[in-house]
Number of protein chains: 2
Amino acid sequence: MINYPSGQQPPERAKAHPLAKTSAKPVNYGSRGMTLEEQINRSNQYYLSHNLAVIHKKPTPIQVVKVNYPKRSAARITEAYYRQASTTDYNGVYQGYYIDFEAKETRNKTRFPLSNLPLHQQQHMKQCQEQGGISFLLLSFRSHQKIYLLPFKAFERFQAESKQQSLPYEFVEANGYLCQTGYQPMIDYLAALDCYLERGER
Amino acid sequence: MINYPSGQQPPERAKAHPLAKTSAKPVNYGSRGMTLEEQINRSNQYYLSHNLAVIHKKPTPIQVVKVNYPKRSAARITEAYYRQASTTDYNGVYQGYYIDFEAKETRNKTRFPLSNLPLHQQQHMKQCQEQGGISFLLLSFRSHQKIYLLPFKAFERFQAESKQQSLPYEFVEANGYLCQTGYQPMIDYLAALDCYLERGER
């Protein structure tokens, strides 16, 4: 989720070690110390429990190579590798709309580097949009402590008009919808989505 | 995907070893020897490449316990376990509709045992339906060589009216939509869905 120099893979540990997310860490209901993914997952739990939307994070795809099947206990995977996801991380349904999005984070103050967003994810968002769904990006600018919902259509427009390999912060500010953050939901991206839908540009 | 006596877990091997699905096996474009999951995945590929729908199988959720990070090569997971999925296996978007389904198979000739369908999956399908999506079951009766799309609403009606722990084949025949099977797509469940949508009972 963090911005790395292009070509370099982020270490898998931060993203892909589910136990690290649920164990040892102290309970902290503020957003500090919580990853963007955790905050979104909690927001989704809130939406689900209040019958506002059914949106889940997809499991991280893992290629299993070796499994042991001990008697009387659970199958144990002894060799496996992370695979690249073929879609975005989140999808679901909100008031009859198919929702599809990817969440990304940067510490960069002035730009959001597109090296963060693989082409096949862009492709997937485009396909969903064309099929009548709503695709967007949730972009977290940590240094500004702001999270924007950027509709895929705005993103696509930027790409058509610019050769730049990163989104200027001003572009996101002007074309995105600021998400209120708080306690419940932690990131109210559906309220931001409502603003977008009300403008009827979908 | 196969029917096991209630309470007994199916062996994880059949379902959860992705390598087993893509290696050693001879290329066979008929449906024989192909699992239901493989047939659905190929149908989804067909739908996607023809811009008819964007529907993907979710990755199998895996709890990672230990990972090695060797220098200059991919992170290697050395201890992990299969987790129970919290949702259904398939979802996506079709002509603006949010689609959510679970595919199950039985060799039973007369009934489809509900022990095949965990409560939390039923709950998830209900939530999606209430949020304006379309939930259904794809039920494959191997002994009849027939695959039915059973709308979640019909399934829910059955449960409200009956205490039975299995769906009679006649009920599925009468309330489900038969899926044409063939070469491309292998299982044309979207054509069956069209029939359902045309009846306007959603």
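Residues numbered from 1 in each chain as written. Chains lettered and ligands numbered in written order. Predicted model: local features only at pLDDT ≥ 70, side-chain atom pairs only at ≥ 80, totals over all residues. Heavy atoms only, no water.

An unreviewed UniProt entry annotates chain A as Holliday junction resolvase RecU originating from Suicoccus acidiformans. Of the comments in the UniProt record for chain A, the one headed Catalytic activity (unreviewed entry) reads "Endonucleolytic cleavage at a junction such as a reciprocal single-stranded crossover between two homologous DNA duplexes (Holliday junction)." Reading the Sequence similarities (unreviewed entry) entry of the UniProt record for chain A gives the comment "Belongs to the RecU family." (UniProt positions renumbered as here; feature names shortened; annotations may be inferred.)

Turning to the pattern of salt bridges, a few remarks are in order. Residues and elements named next belong to chain A. Per the stated rule, a full pass over the model turns up 12 salt bridges over all chains. Between Lys66 and Glu79 there is a salt bridge; the shortest N-O distance is 3.4 Å. Of the two residues, Lys66 sits in strand β2 (residues 62–68) while Glu79 sits in strand β3 (residues 76–82), which places them 13 residues apart along the sequence. By relative accessible area, Lys66 is classed as partly exposed at 46%. (Salt bridge = Lys/Arg side-chain N within 4 Å of Asp/Glu carboxyl O. Helix = DSSP H or I, 4+ residues; strand = E, 2+ residues; numbered from the N terminus. Buried < 20%, exposed > 50% of the residue type's maximum accessible area, 1.4 Å probe, protein only.)

Moving on: the interface of chain B and chain A. Facing 46 residues of chain B, the contacting portion of chain A comprises 46 residues. Both faces considered, chain B and chain A share a buried interface measuring about 4000 Å² in area, 61% of it formed by carbon and sulfur atoms. Per-residue buried area on chain B facing chain A is highest for B:Tyr69, B:Ile77 and B:Gln131; these three make up 17% of the total on that side. Connecting chain B to chain A are 2 salt bridges. Connecting chain B to chain A are 11 residue pairs in polar contact (both at pLDDT 80 or more). The set of elements that each furnish at least two residues to the side of chain B that touches chain A consists of α1 (12–16), α2 (18–22), β1 (54–57), β2 (62–68), β3 (76–82), β4 (90–94) and α4 (119–130) of chain B. When the residues that make up the side of chain B that touches chain A are grouped by side-chain class, the tally is 24 nonpolar, 16 polar and 6 charged. Pairing analysis gives 4 bridges linking β3(A) to β3(B), with the strands arranged antiparallel. Across the sheet, residue A:Ile77 finds its bridge partner in β3(B), namely B:Ala80. (Contact = heavy atoms within 4.5 Å. Buried area = accessible area lost by both parts, 1.4 Å probe. Polar contact = N/O pair within 3.5 Å; in protein donor to acceptor, adjacent residues only side chain to side chain. Nonpolar A, V, L, I, M, F, W, Y, C, P; charged D, E, K, R; others polar. Pairing = 2+ DSSP bridges.)

Right, let's talk about helix α3 (residues 36–49) of chain B for a bit. All names here are of chain B. In a regular helix each residue adds 1.5 Å, so 14 residues correspond to 20 Å; α3 covers 20 Å between its end C-alpha atoms and thus fits that length. For α3, every residue scored as buried is listed here: Leu36, Glu37, Glu38, Gln39, Ile40, Ser43, Asn44, Tyr46 and Tyr47. Just downstream of α3, Asn51 is the residue with a positive phi angle, here 55°. (Expected span 1.5 Å × (residues − 1).)

Residues and elements named next belong to chain B. All of the buried residues along helix α5 (residues 152–161) are Phe152, Ala154, Phe155 and Phe158. Projected down its long axis, α5 carries its buried residues within an arc of 160°, all on one side. For α5, the exposed residues lying more than 90 degrees away from the buried face are Ala160 and Glu161. Of the surrounding elements, those touching the buried residues of α5 are α4, β7 (134–141), β8 (146–151), β9 (166–168) and α6 (169–175). (Arc of directions from axis to C-beta.)

As a further point, take the sheet that holds β3(A). Taken together, the 4 strands give an open sheet; going across it, the order is β2(A)-β3(A)-β3(B)-β2(B), and neighbouring strands pair in antiparallel fashion. Unpaired on one side and paired on the other, β2 of chain A together with β2 of chain B mark the two borders of the sheet. Neighbour-to-neighbour, the strand axes of this sheet turn through a mean angle of 35°, independent of strand direction. The pairing of β2(A) with β3(A) spans 6 bridges and is classified as antiparallel. (Axes fitted to C-alpha atoms, helices over the stretch in contact; angles between N-to-C directions.)

The relation between the two copies of this chain is a rotation about an axis and a shift parallel to it. It takes a turn of 180° to lay chain B on chain A, together with a shift of 0.0 Å along the axis; the resulting RMSD is 0.0 Å. Considering both components of the superposition, the chain copies are consistent with a two-fold axis. Both copies share a contact surface, since 100% of the interface residues of chain B are interface residues in chain A too. (Least-squares fit on C-alpha atoms with pLDDT ≥ 70 in both.)

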